Amino acid sequence: YWLDFGSLLGAVRHKGFIPWDDDIDVGMLREDYNKIIDIFNRSSRDKNLYATFLINKRNPSQCFIKIKHKKCPLLFVDIFPYDFYGTSLSHSEQLKKSENIRQIRKILFKKCAKHTNLTEIRRILEEERQKLLFNSEHKGDLVWGIDFNHSWRNWFYPADVIFPLKSIEFEGCNFPCINNVDYYLKEVYGNYMSYPKKISMGHSMYKKLNVTDKEIISSLGVRTK
């Protein structure tokens, strides 16, 4: 696995959490992603921590793995799958194919909205994912999983942008990160070292913690105010 999205940006720009962000984002190859729920739930050192697929109720075609806490739902880690596309594309080809995926996602929204069953939704997503991939015998570029939405223009990265993995500091500890951090963050965020013009507080930023929440978070080594 490797730090991804806002967690990677936070590691580079803030050496830890972005001040207005409160979750962890992790990337993982599909082969490992498909094993993580079983492995995590068998070997978790805290019985209250568990891995599960979570469907977004407002967008049922958005389905990916989260690490959750049974007693404190404010805490979570998002895990996003990456697939090998099967061939290497030029940058312009990546952008064109990314637009195609966005159109596919619109269709998937309508298909998945008809279902409430997790198994059926995952079947629909997997069927479309298999159609997307080019030739599994040749790894080529990596593509963000078709399982979730994001607003960035390019869903593809050359394999050498991701691998071999390196290490980066986050909140005083070292974690795996991708090989070419600068390329990745520029593709996703543009001038990533500058602060956004508009800062929005997401997730649980305005949540008032009760005593139990504070005790659980503190027991995991996280500072609370």
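Residues numbered from 1 in each chain as written. Predicted model: local features only at pLDDT ≥ 70, side-chain atom pairs only at ≥ 80, totals over all residues. Heavy atoms only, no water.

Asks: Where do I start with the pattern of salt bridges in this structure?
Replies: Pairing between side chains becomes possible if they bear opposite charge and their charged atoms approach one another. Following the criterion strictly, the structure yields 12 salt bridges and no others. Between glutamate 128 and lysine 111 there is a salt bridge; the shortest N-O distance is 3.8 Å. With a gap of 17 residues between them, glutamate 128 in helix 4 (residues 118-132) and lysine 111 in helix 3 (residues 91-112) connect regions that are remote in the sequence. Taking relative accessible area as the criterion, glutamate 128 reaches 11% and is therefore assigned buried. The network of salt bridges with shared partners includes Arg30, Asp83, Glu126, Arg129 and Asp147. (Salt bridge = Lys/Arg side-chain N within 4 Å of Asp/Glu carboxyl O. Helix = DSSP H or I, 4+ residues; strand = E, 2+ residues; numbered from the N terminus. Buried < 20%, exposed > 50% of the residue type's maximum accessible area, 1.4 Å probe, protein only.)

Asks: So what exactly am I meant to see when it comes to the pairing of strand 5 (residues 76-84) here?
Replies: Each regular strand carries side chains that alternate between the two faces of the sheet. Among the nine residues that make up strand 5, seven are buried, leaving the element largely enclosed by the rest of the structure. As defined by bridge partners, strand 2 (residues 24-29) adjoins strand 5 across six bridges and the pair is classed as parallel. Bridging across to strand 5, methionine 28 finds its partner in proline 81. Summarising the sheet, strand 4 (residues 59-69) and strand 5 pair through four bridges and their orientation is antiparallel. (Pairing = 2+ DSSP bridges.)

Asks: Would you explain unusual backbone geometry in this entry?
Replies: Generally, phi is negative for residues other than glycine and the peptide bonds are trans, each holding for most cases. Looking along the chain, the bond that leaves phenylalanine 163 and enters proline 164 is cis, with omega of 0 degrees. The topology assignment puts proline 164 in the loop between helix 5 (159-162) and strand 8 (166-170). Despite not being glycine, phenylalanine 5 has its phi angle at roughly 45 degrees, a positive value. Even without glycine at this site, lysine 15 takes up a positive phi of about 60 degrees. Structurally, the position occupied by lysine 15 is in the loop between helix 1 (5-14) and strand 2.

Asks: It is not clear to me how the packing of helix 1 against helix 6 (residues 181-189) should be interpreted in this structure. Could you clarify?
Replies: How two helices pack is summed up by the angle between their axes together with the distance between the axes. Running from N to C, helix 1 and helix 6 point in directions that differ by 120 degrees, and their axes come no closer than 11 Å. Taken together, the axis directions place helix 1 and helix 6 in an arrangement best described as oblique. In the packing of helix 1 onto helix 6, the handedness of the crossing is left-handed. Touching Phe5, Gly6, Leu8, Leu9 and Val12 of helix 1 are Val181, Tyr184, Leu185 and Tyr189, all from helix 6. (Axes fitted to C-alpha atoms, helices over the stretch in contact; angles between N-to-C directions. Parallel < 35°, antiparallel > 145°, perpendicular 65-115°, else oblique. Left-handed = near helix turned anticlockwise from the far one by under 90°. Contact = heavy atoms within 4.5 Å.)

The values are spatial; any link to function lies outside them.
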